[in-house]
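# Survey of secondary and tertiary structure
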Amino acid sequence: MKINQGIMIRGDKISLVPYRAHHVERYHHWMQDKELQELTASEPLSLEEEYEMQKSWAQDEDKLTFVVISGQEVPETIESDVQRMVGDVNLLFIFSPEYAEINIMVAERSLSRSGIGSEALMLMLSYAAANIPQISKFSAKISNSNTASMRFFEKNGFKMISTSEIFQETTYEMEVSHFNPLKLSITPYPF
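Residues numbered from 1 in each chain as written. Predicted model: local features only at pLDDT ≥ 70, side-chain atom pairs only at ≥ 80, totals over all residues. Heavy atoms only, no water.

One open sheet holds the nine strands; their spatial order is S7-S8-S6-S5-S4-S3-S2-S1-S9, and the pairing between them is mixed. Taken across any chain shown, the strands that pair with only one partner, and hence form the sheet edges, are strand S7 (159–164) and strand S9 (185–188). Taking each pair of neighbouring strands and ignoring which way they run, the sheet shows an average axis angle of 25°. In this structure, strand S3 (residues 63–70) lies alongside strand S4 (residues 85–96), joined through seven bridges in antiparallel fashion. Residue Phe66 lies in a different strand from S4, and its bridge partner there is Val89. (Pairing = 2+ DSSP bridges. Helix = DSSP H or I, 4+ residues; strand = E, 2+ residues; numbered from the N terminus. Axes fitted to C-alpha atoms, helices over the stretch in contact; angles between N-to-C directions.)

Right, here's the structure in full:
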């Protein structure tokens, strides 16, 4: 989506920035990890395919993507922006603009269970609720083997709706009307 292209959403421990071409190499490196591929239900891409995907995600009106960076300071250089990358968070509007599927990844394992995943989730949901008024429901589809993600979404207010043995995934949902959004600090993103 283009609505997030010039902004940075600042939290307490992390900030959300638009996914840019200068992020692709580090993101590609993360996605070579077999465990991350399995946890995110992702297929490995070539670096060239990853650059094409980044362009597509920046333009597609059915996807909202942010890179999660550590800290709340505005990055001074592209290099510092890339060094601070810790994960990403995405909304996908697959069935309709009212129904947004969220994906979140903390790629830096040393930061697992540090609270940044919950903060990234709350920042994204708050931004979407304030800026995409047609959304009425958030959902997350999680592999049945990913119990840590199941606990994460339950802890953050999502309710289990269904389990598919055929697709080996569980669906969690949250009504936007049941979500208590954060007051956001949004500043211009320099890159």
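Another aspect to go through is empty space enclosed by the protein. By the definition in use, this model includes one cavity of 30 Å³ or more. Volume-wise, the largest cavity comes out at about 40 Å³. Taken together, Met1, Asn4, Gln5, Tyr19, Trp57, Ala58 and Thr65 form the lining of the largest cavity. Its residues placed into classes, the lining of the largest cavity shows four nonpolar, three polar and no charged. (1 Å grid on protein atoms, 1.4 Å probe; cavity = no way out; pocket = protein on both sides within 12 Å on 5 of 7 lines; lining within 4 Å. Points joined across faces, edges and corners; volume = space filled by probe spheres on them. Nonpolar A, V, L, I, M, F, W, Y, C, P; charged D, E, K, R; others polar.)

Two elements in contact, helix H5 (residues 116–131) and helix H6 (residues 147–155), have axes whose closest approach is 11 Å; the angle formed by their N-to-C orientations is 55°. Taken as axis vectors, H5 and H6 run oblique relative to one another. Judged by the sense of rotation from one axis to the other, the crossing of H5 with H6 is right-handed. Between H5 and H6, the residues in contact are Gly117, Ser118 and Leu121 and Phe152, Phe153 and Lys155, respectively. Partitioning the contact of H5 with H6 into residue classes produces three nonpolar, two polar and one charged. (Parallel < 35°, antiparallel > 145°, perpendicular 65-115°, else oblique. Left-handed = near helix turned anticlockwise from the far one by under 90°. Contact = heavy atoms within 4.5 Å.)

The topology assignment puts Thr65 in strand S3. For Thr65, the side chain forms a polar contact with the side chain of Asn90, separated by 3.2 Å. (Polar contact = N/O pair within 3.5 Å; in protein donor to acceptor, adjacent residues only side chain to side chain.)

A few words on the confidence of the model for the protein. Note: predicted coordinates in regions of low pLDDT should not be interpreted at a detailed level. Scored by pLDDT, the protein comes out at a mean of 94, with 100% of its residues at no less than 70. The secondary structure element of the protein with the lowest average pLDDT is helix H2 (residues 34–40), at 86, and the one with the highest is strand S1 (residues 7–10), at 98. (pLDDT = per-residue confidence, 0-100.)

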